[in-house]
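# Remarks on the overall topology
For reference, the chains in residue letters:
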Amino acid sequence: MSVRDEFDAWAADGRDKGMEDRHWHTAKHALARMPVEEGDTVVDLGTGSGYALRALHDTKGIGRGFGLDGSPEMVQNAREYTDTDDLSFLVGDFDDLPFDDDSVDHVWSMEAFYYAADPHHTLEEIARILRPGGTFYCAVNYYDENVHSHEWQELISIDMTRWSHAEYREAFRDAGLHVAEQDSIADLDIDIPAAAEFPTDDWETREEMVERYRTFGTLLTVGVAP
């Protein structure tokens, strides 16, 4: 199944809103760190429901926001959820970003970058469209150190890239981006039951669940265009 078919099905089932709710636990902290100024242009790769751009528009006053997704159904949903003309949503490919060189102030991606067919080229594309000093905030829960995410590949028909902390830093630098920050953001919002309630449908022990959400959390890597 293609990325488009997979996420068209998710959007049709309303799973975009479920992803938004789960991702927001850590996305809100990463978004708050972005050095966005009023009037800036922001691109959201793998925009899903478009929640990140709406948050940046409401809290930081971005001038223009473009949400790109490989799923037409996701894009249509994002348009329906959005009530401002400052934000646009389009179907597109991570390998060929439809933006001019040096035209974007910031790029954001939450739980989507690892779906890129050629992640190294996607980083080159991001570096191409960013203005000097522009940033790329890349947030993922699927990464090598997070052992609890490794089984996710078995649950989805799309090939995903699982990099380590070091591989993310190396790939950013190879694409011409300076690595300004790398951090793990803990999910402090998810409810973790008492030890007596384990095992659950998803977890054998409470310690495993604590490690997944409180220790590993979301890996954030920040690149800056020279």
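Residues numbered from 1 in each chain as written. Predicted model: local features only at pLDDT ≥ 70, side-chain atom pairs only at ≥ 80, totals over all residues. Heavy atoms only, no water.

### Description of the overall build of the protein
For the protein, the count of helices and strands is seven helices and seven strands. Sequence-ordered secondary structure for the protein, helices as α and strands as β, is α-α-β-α-β-α-β-β-α-β-α-β-α-β. Relative to the globule expectation of 17 Å for 226 residues, the C-alpha radius of gyration of the protein, 17 Å, shows essentially globular dimensions. Once the C-alpha set of the protein is aligned to its principal axes, its extents read approximately 55 × 35 × 35 Å. Of the roughly 10,400 Å² that the protein leaves accessible, carbon and sulfur atoms contribute 44%. The distance from the centre of the 18 positive side-chain charges to the centre of the 49 negative ones in the protein is 4 Å. (Helix = DSSP H or I, 4+ residues; strand = E, 2+ residues; numbered from the N terminus. Rg over C-alpha atoms; globule rule 2.2 N^0.38 Å. Areas by Shrake-Rupley, 256 points an atom, 1.4 Å probe, with all protein chains shown as cover. Lys, Arg positive; Asp, Glu negative; His and termini not counted. Charge placed at Lys NZ, Arg CZ, Asp CG, Glu CD.)

### As for the layout of surface pockets
The calculated volume of the largest pocket comes to roughly 970 Å³. For the largest pocket, the lining is made up of 34 residues, of which Arg-22, Glu-111, Trp-152, Arg-212 and Tyr-213 are closest to its centre. Tallying contributions element by element places helix H2 (residues 15-33) first for the lining of the largest pocket, with six residues. Taken together, the residues of the lining of the largest pocket break down into 15 nonpolar, eight polar and 11 charged. (1 Å grid on protein atoms, 1.4 Å probe; cavity = no way out; pocket = protein on both sides within 12 Å on 5 of 7 lines; lining within 4 Å. Points joined across faces, edges and corners; volume = space filled by probe spheres on them. Nonpolar A, V, L, I, M, F, W, Y, C, P; charged D, E, K, R; others polar.)

### A closer look at the UniProt feature "domain: Methyltransferase type" (unreviewed entry) in the protein
Mapped onto the present numbering, the UniProt feature "domain: Methyltransferase type" (unreviewed entry) falls on residues 43-138. In residues 43-138, the share of helix is 32% and the share of strand is 31%. The end C-alpha atoms are 12 Å apart. (UniProt positions renumbered as here; feature names shortened; annotations may be inferred.)

### What to know about the nonpolar core
In terms of nonpolar packing, the biggest core is built from 38 residues, with Val-107, Leu-123 and Phe-136 touching the most fellow members. Contributing elements (two or more residues each) for this core: strand S1 (41-45), strand S4 (104-110), helix H5 (119-129), strand S5 (130-140) and helix H6 (165-174). Counting residues in each nonpolar core, the second largest holds 23 residues, with Met-34, Ile-62, Ala-78 and Leu-220 among its members. (Core = buried A, V, L, I, M, F, W, Y, C linked by side-chain atoms within 4.5 Å. Buried < 20%, exposed > 50% of the residue type's maximum accessible area, 1.4 Å probe, protein only.)

### A closer look at the side chain of Asp-187
Within the secondary structure, Asp-187 sits in the loop between strand S6 (178-185) and helix H7 (206-216). Here Asp-187 sits buried without a salt bridge, and the closest side chain of opposite charge, Arg-214, lies 4.7 Å off (N-O distance). Of the polar contacts made by the side chain of Asp-187, one reaches the side chain of His-25; its length is 3.0 Å. In this view, Asp-187 contacts His-25, Thr-26, Tyr-213 and Arg-214; residues no more than four positions away in its chain are not counted. (Salt bridge = Lys/Arg side-chain N within 4 Å of Asp/Glu carboxyl O. Polar contact = N/O pair within 3.5 Å; in protein donor to acceptor, adjacent residues only side chain to side chain. Contact = heavy atoms within 4.5 Å.)

### Overview of the pairing of strand S2 (residues 64-69)
Relative to S2, S1 is paired through five bridges, and the arrangement is parallel. Within S2, the residue paired with Thr-41 across the bridge is Arg-64. Handedness of the crossover joining S1 and S2 through helix H3 (residues 51-60) is recorded here as right-handed. Sheet analysis places S2 next to strand S3 (residues 87-91), joined by five bridges and oriented parallel. Residue pairing for S3: Leu-68 is matched across the bridge by Leu-90. Between S2 and its parallel partner S3, the chain crosses via helix H4 (residues 72-81), and the hand of that crossover is right-handed. (Pairing = 2+ DSSP bridges. Right-handed = clockwise from strand over helix to strand, strands pointing away.)

### Re H5
Of all the positions in H5, only Pro-119, Thr-122, Leu-123, Glu-125, Ile-126, Ala-127 and Ile-129 are classed as buried. Summarising the contacts, the buried residues of H5 are in contact with S1, S4, S5 and H6.

### Quick look at the packing of aromatic side chains
Counting across every chain of the model gives 11 aromatic pairs. Each ring, one from Phe-113 and one from Trp-163, has its centre 5.9 Å from the other, and the planes form 55°; the classification is tilted. With Phe-113 in the loop between S4 and H5 and Trp-163 in the loop between S5 and H6, this residue pair connects regions lying 50 residues apart in the sequence. Take Phe-113: its relative accessible area is 2%, and that puts it in the buried class. Ring centres 6.1 Å apart and planes at 65° place the aromatic pair Trp-203 and Tyr-213 in the edge-to-face group. Placement of the pair is Trp-203 in the loop between S6 and H7 and Tyr-213 in helix H7, with a sequence separation of 10 residues. Of the residues examined, Trp-203 reaches a relative accessible area of 13% and is grouped as buried. By relative accessible area, Tyr-213 is classed as buried at 16%. These aromatic residues form a ring-pair network of at least three members: Phe-113, Phe-136, Trp-163, Tyr-168 and Phe-172. (Phe/Tyr/Trp six-rings, centres within 6.5 Å; stacked < 30°, edge-to-face > 60°.)

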